[in-house]
Amino acid sequence: MDLTDTAAQLGVPVEEVERVHRLAGDRPSAPLPARSDVPALLDRLAVPPDDVAEIMAGWPDPDSPEWTAELRWLLDRSIALVRADLGGNGWLPPGPELPRDRGPAWRHLYVYAYLALVDVVLGYHRDHGIPDAVSWATLADLGRNLAIDRRMRGEGWPVMQSWLTLHVRGSLYELGRLQHYRGDTTIDLHIPDSGPLTPESVEASLDEARAFFPRHFPDERYPAFACGSWLLDPQLREYLPEETNIVRFQRRFELEPYEQPEGLDADVEMLRFVFRTLTTPLDELPRRTVLQRAVIDHLAAGRHWQWRRGRFPV
């Protein structure tokens, strides 16, 4: 396989193809599920109907003209790359961002990789005694993220394709209202787009995690919960009442000193999570909620948001 030619055919930088080649090596891939089983699997993964139709239309059948040799190579090696890090917890891009306008195979290549890895991670879950209900609730984040990407007109998926490798490596678990990620020294909390962040739902999820991780990962020790998010920006208290769910969530944490993460723009993340758009002008964004008005007014005043990290004891 000529990596320079492969990169040119895929329309991506050669460095990204070289990275996939280096990390995947000759490690084993995993087979895709049978085509006839895919609709039921996608339903279980909460994939919306429009995305189901696209995924099935682009399915990598052996005789599909859309699936060039280069595209099939990338799918196979992306699966191998992620599978080789089963149980790992680092941020892991499965491959380069592809030109999405070339068709459903290109648009959903990393969805096909995810589907191939479902059985792999379910085996990992079984080895750790994790209940099926937790496994499927966790893996169904695929459907949620595809719906977000569609709402964002394709602006969300480049970030999400790396995020979703946590799920199929056994690094992240959805326990009630929160997602819990096995970090190096902490359980990192993530807040999915799934309803109000009430104190009661947060506490119930934390209680579940306090029992879950010692039971299923007894050799690991996590003395603290942690979170890195725009939700922890103390500037929000200038706009939000003290009794709001966000402020009450913030009060759980002791914040680390502020340091802007490399490669992360908190203003962009605010727009991504609060409005699900990165391109709509500020004066055209909705102002229906206190939070939406806060984000817009803060940016319109020439100020910037912060991505903050904090923790509290388990």
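None of the values given here were measured: they were computed from a predicted structure. (Residues numbered from 1 in each chain as written. Predicted model: local features only at pLDDT ≥ 70, side-chain atom pairs only at ≥ 80, totals over all residues. Heavy atoms only, no water.)

1. Some thoughts on the nonpolar core
Grouped burial of nonpolar side chains is what soluble globular proteins tend to show.
Thought 1: Core analysis: the biggest nonpolar cluster contains 57 residues, and Leu45, Leu115 and Leu142 have the highest contact counts within it.
Thought 2: Discounting chain neighbours no more than four positions away, the residues touching Leu45 are Tyr114, Leu115, Val118, Trp136, Leu139, Ala140, Leu142 and Gly143.
Thought 3: Core analysis: the second largest hydrophobic core is formed by 22 residues, Tyr173, Leu206, Tyr222 and Phe225 among them. (Core = buried A, V, L, I, M, F, W, Y, C linked by side-chain atoms within 4.5 Å. Buried < 20%, exposed > 50% of the residue type's maximum accessible area, 1.4 Å probe, protein only. Contact = heavy atoms within 4.5 Å.)

2. What to know about the packing of helix 5 (residues 69-83) against helix 7 (residues 109-127)
Thought 1: Between helix 5 and helix 7, the least distance of the axes is 9 Å, while the angle of their chain directions is 40°. Taken together, helix 5 and helix 7 sit at an angle that is classed as oblique. Of the two possible hands of crossing, helix 5 and helix 7 adopt the one that is right-handed. Mapping the contact onto sequence places Leu71, Leu74, Leu75, Ser78, Ile79, Val82 and Arg83 in helix 5 and Leu109, Tyr110, Tyr112, Ala113, Ala116, Leu117 and Val120 in helix 7.
Thought 2: Across the contact of helix 5 with helix 7, the residue classes tally to 12 nonpolar, 1 polar and 1 charged. (Axes fitted to C-alpha atoms, helices over the stretch in contact; angles between N-to-C directions. Helix = DSSP H or I, 4+ residues; strand = E, 2+ residues; numbered from the N terminus. Parallel < 35°, antiparallel > 145°, perpendicular 65-115°, else oblique. Left-handed = near helix turned anticlockwise from the far one by under 90°. Nonpolar A, V, L, I, M, F, W, Y, C, P; charged D, E, K, R; others polar.)

3. Here's the deal with unusual backbone geometry
What you tend to see is this: most non-glycine residues have negative phi, and most peptide bonds are trans.
Thought 1: Within the chain, Ala46 stands out as a residue other than glycine whose phi angle is a positive 60°.
Thought 2: Examined against the element boundaries, Ala46 turns out to sit in the loop between helix 3 (38-44) and helix 4 (49-57).
Thought 3: On the basis of relative accessibility, which here comes to 41%, the residue Ala46 falls in the partly exposed class.
Thought 4: Even without being a glycine, Arg276 presents a positive backbone phi close to 55°.
Thought 5: The exposure class of Arg276 is buried, given its relative accessible area of 7%.

4. As for the pattern of salt bridges
Thought 1: Taken as a whole and assessed by the stated rule, the structure comprises 20 salt bridges.
Thought 2: The salt bridge involving Asp76 is made with Arg77; its shortest N-O contact spans 2.8 Å.
Thought 3: By relative accessible area, Asp76 is classed as partly exposed at 31%.
Thought 4: Residues joined in a network through salt bridges with shared partners are Asp51, Glu54, Arg107 and Arg150. (Salt bridge = Lys/Arg side-chain N within 4 Å of Asp/Glu carboxyl O.)

The quantities given are spatial measurements derived from coordinates; they are silent on function.
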